[in-house]
Amino acid sequence: MTQRIDHYGRGSASEDRLRDLLIRALTGDAAAYHAFLKDLSTHLRAFFRKRLSGFPDEVEDLVQEALLAVHNQRHTYDPEQPLTAWVYAIAKYKLVDLLRRRSSRECLNDPLDDESDVLAHNDSEAAAARLDVAKLLQRLPDRQRLPIIHVKLEGMSVVETARVTGMSESAVKVGVHRGLKALAAMIRILR
């Protein structure tokens, strides 16, 4: 058996084990699927803890959201590709989604004192701009919005985006192109 390479370029026994469990699960092995989700939750928990040290209460919720997304998107996994790249693309999407939600909630709160107004002025403008972009993105259909979010905002590749969304690579490219064109038209109307 050849050893698989993880997303850091190293061989990984856990990659092989998780991949094997998922492939068995996709053929109907319920015990393998249970073991896959249990092992994967451990990896996801470590992934999120490392990135959310300032928000430890969010880790478990994010693990559950990511597991649900993996479950819902399991049909998009290509067994010829590394499992970790596919899983971490989904996990990164969930992490960015959480940070975006927190950012939009926090920008709605008024500062408690006048000094913070001076220091936060540029940050609040940036948060308002992010909120404006988020509102415009919501007006786009999924086939345009999702590719823009994944490729342009999260920095995922077209291949990763296709895998996560279930779209073809060409549909992702077309979605980005048409979506950006539609956003530009919306912005022109707003001016």
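Our structure's up above, just so we're on the same page.
Definitions and limits used
- Residues numbered from 1 in each chain as written.
- Predicted model: local features only at pLDDT ≥ 70, side-chain atom pairs only at ≥ 80, totals over all residues.
- Heavy atoms only, no water.
- Helix = DSSP H or I, 4+ residues; strand = E, 2+ residues; numbered from the N terminus.
- Buried < 20%, exposed > 50% of the residue type's maximum accessible area, 1.4 Å probe, protein only.
- Contact = heavy atoms within 4.5 Å.
- Expected span 1.5 Å × (residues − 1).
- Arc of directions from axis to C-beta.
- Salt bridge = Lys/Arg side-chain N within 4 Å of Asp/Glu carboxyl O.
- Core = buried A, V, L, I, M, F, W, Y, C linked by side-chain atoms within 4.5 Å.
- Axes fitted to C-alpha atoms, helices over the stretch in contact; angles between N-to-C directions.
- Parallel < 35°, antiparallel > 145°, perpendicular 65-115°, else oblique.
- Nonpolar A, V, L, I, M, F, W, Y, C, P; charged D, E, K, R; others polar.
- Polar contact = N/O pair within 3.5 Å; in protein donor to acceptor, adjacent residues only side chain to side chain.

**With respect to the environment of Ser41**
No. 1: Summarising the element assignment, Ser41 is placed in helix α2 (residues 30-51).
No. 2: Exposure remark for Ser41: the relative accessible area of 10% places this residue in the buried category.
No. 3: Note: C-alpha distance between Ser41 and Ala66 (25 residues apart in sequence) is 8.7 Å.
No. 4: Non-local contacts of Ser41, meaning those with residues more than four positions away in its chain, are made with Val63 and Leu67.

**Notes on helix α8 (residues 169-190)**
No. 1: With 22 residues, α8 should cover 32 Å at 1.5 Å per step; its first-to-last C-alpha distance of 32 Å lies within 8% of that length.
No. 2: Along α8, the residues that are buried comprise Val172, Gly175, Val176, Gly179, Leu183 and Met186. Looking straight down α8, one finds its buried side chains confined to an arc of 100°; they lie on one side. The outward face of α8, more than 90 degrees from its buried face, is lined by the exposed residues Lys173, His177, Arg178, Lys181, Arg188 and Ile189.

**Quick notes on the pattern of salt bridges**
No. 1: Taken as a whole and assessed by the stated rule, the structure comprises five salt bridges.
No. 2: A salt bridge links Asp39 to Arg17; the shortest N-O distance between them is 2.6 Å. Linking Asp39 in helix α2 with Arg17 in helix α1 (residues 13-26), this pair joins segments that are 22 residues apart in sequence.
No. 3: Measuring nitrogen to oxygen at the nearest pair gives 3.2 Å for the salt bridge that ties Arg24 to Asp20. Of this pair, Arg24 and Asp20 are both found in helix α1, four residues apart, which corresponds to roughly one turn of the helix.
No. 4: When its relative accessible area of 34% is taken as the criterion, Arg24 is described as partly exposed.
No. 5: Bridged by salt links that share partners, the residues Asp20, Arg24 and Asp29 form one connected network.

**Some details on the nonpolar core**
No. 1: Ranked by internal contacts, the top residues of the largest apolar core, which has 32 residues, are Phe36, Leu40, Leu44, Phe48, Leu83 and Trp86.
No. 2: Contributions of two or more residues to this core are made by α1, α2, α3 (59-73) and α4 (83-106).
No. 3: Examining the composition of this core, we find that nine residues originate from one element, α4, more than from any other.
No. 4: Residues in contact with Leu44, not counting those within four places in the same chain, are Val63, Ala66, Leu67, Val87 and Ala91.

**What about the packing of helix α6 (residues 142-153) against α8?**
No. 1: Contact pair α6 / α8: the axes reach a minimum separation of 7 Å and the direction vectors enclose 100°. As summarised for this structure, α6 and α8 are arranged roughly perpendicular, according to the angle between their axes. Here Arg143, Gln144, Pro147, Ile148, Val151 and Lys152 of α6 come into contact with α8, specifically with Val172, Gly175, Val176, Arg178, Gly179, Leu180, Ala182 and Leu183.
No. 2: Class assignment for the residues of the contact of α6 with α8 results in eight nonpolar, three polar and three charged.

**With respect to α2**
No. 1: Taking 1.5 Å of rise per residue, the 22 residues of α2 would be expected to cover 32 Å, and the 31 Å separating its terminal C-alpha atoms lies within 8% of that figure.
No. 2: Buried within α2 we find Ala32, Tyr33, Ala35, Phe36, Leu40, Ser41, Leu44, Arg45, Phe47 and Phe48.
No. 3: Its side-chain oxygen at 3.2 Å from the backbone nitrogen of Ala31, Asp29 defines the N-terminal cap of α2.

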